[in-house]
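# Architecture at a glance
Here is how the chains run, residue by residue.
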Amino acid sequence: MKVLAVLAVIVTLGIFANLANESKMLSYLSDDPQACINCHPMAAAYATWQHSSHRNRATCVDCHLPHDSFMNKMLAKAKDGYKHSVAMTFKTYAPNLQISTDAAQWIQGNCIACHRELVSQIVDNSKLYDKAADSTVQTGRRCWECHREVPHGTMRNISATQNNFTAKVF
């Protein structure tokens, strides 16, 4: 019985090691953008990012995850990773990927953090005009309302994205 229990543990560890290797599990702990293209639907986002002005300045996690603490960043990665793995496993993602409410807040905050000087000028200028603003957003508008193409281009469908011929390894 002892031998059978040890054998079961060894088989279980072997299956887990194979799963970790095949899924490239450890790559998700890094900030490497190539980890994002382990999943086929993200290839379009990666390809368009590679052709953008942000390629040399910001990676996926720089925009798409919170930066207020290491713990929040890792919790967000785990939460999104779980959602992504379920969507990939059960093919529940749509051709037009939709951003979550949490991710929208992180992206907005990260845009403002990186472009702080420009945003402060925009906020100052917006006070000169009586425009209807979204009171839930610091600047009154979400950055992508005007900059929809940054950094992922104009097309939103994962099967029809410009510059999505192949993902370059850099």
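Counting restarts for each chain, with residues numbered from 1 along the sequence as it is written. Confidence filtering applies because this is a predicted model: local features only for residues at pLDDT of at least 70, side-chain atom pairs given and counted only at 80 or more, and all residues used for totals across whole chains, interfaces and linings. Derived side-chain values reflect all non-hydrogen atoms in the structure, with water molecules and hydrogen atoms excluded from consideration.

## Things to note about helix α5 (residues 101-114)
Rules: For helices the rule is a DSSP run of H or I covering at least 4 residues; for strands it is a run of E covering at least 2, with both sets numbered from the N terminus onward. Given a helix with a known number of residues, its expected span is that number minus one, times 1.5 Å. Burial status follows relative accessibility: with a 1.4 Å probe on protein chains alone, a residue under 20% of its type maximum counts as buried, one over 50% as exposed, and anything between as partly exposed. We call two residues in contact when some of their heavy atoms are within 4.5 Å.
Over its 14 residues, α5 runs 20 Å from end to end, which matches the ideal 20 Å to within 8%, given 1.5 Å per residue. When we look at burial in α5, the residues that qualify are A103, A104, W106, I107, Q108, N110 and I112. As for α5, its buried residues are in contact with α3 (60-64), α4 (70-90) and α6 (116-126).

## Things to note about α4
Taking 1.5 Å of rise per residue, 21 residues should cover 30 Å, and α4 covers 30 Å from first to last C-alpha, within 8% of that figure. A positive phi of about 55° marks K91, the residue just after α4.

## Description of the confidence of the model for the protein chain
Let me state the cut-off plainly: Confidence of the predictor in every single residue is expressed as pLDDT, which spans 0 to 100.
Here the protein chain averages 82 in pLDDT, and 83% of its residues register 70 or above. When mean pLDDT is compared element by element in the protein chain, helix α1 (residues 2-22) scores highest at 93, while α6 scores lowest at 81.

## Section: the packing of aromatic side chains
Convention followed: Pairing of aromatic side chains requires ring centres within 6.5 Å, counting the rings of Phe and Tyr and the six-membered ring of Trp. Pairs whose planes differ by under 30 degrees are stacked, by over 60 edge-to-face, and all others tilted.
Enumeration over the complete set of coordinates arrives at one aromatic pair. Judged by centre distance (5.6 Å) and plane angle (45°), the rings of Y46 and W49 are tilted. Here Y46 and its partner W49 are both found in helix α2 (residues 43-50), three residues apart, which amounts to about one turn of the helix. Overall, the relative accessible area of 2% leaves Y46 in the buried class. Owing to a relative accessible area of 4%, W49 belongs among the buried residues under this scheme.

## Let's talk about a nonpolar patch on the surface
Stated precisely, the cut-off is as follows: Only residues whose relative accessible area exceeds 30% and that form no salt bridge enter a patch; like-charged residues are grouped when within 9 Å of one another, and nonpolar side chains (Val, Leu, Ile, Met, Phe, Trp, Tyr) when within 5 Å. Computed with a 1.4 Å probe, the accessible areas rest on the Shrake-Rupley method; for each residue, only the protein chains presented here act as cover. Any Lys or Arg side-chain nitrogen located within 4 Å of an Asp or Glu carboxyl oxygen qualifies as a salt bridge.
Taken together, M1, L4, L7, V11 and I15 make up a surface patch of nonpolar side chains, about 580 Å² in accessible area. By the secondary structure assignment, V11 is in helix α1. Residue V11 is classed as partly exposed on the basis of its relative accessible area of 44%.

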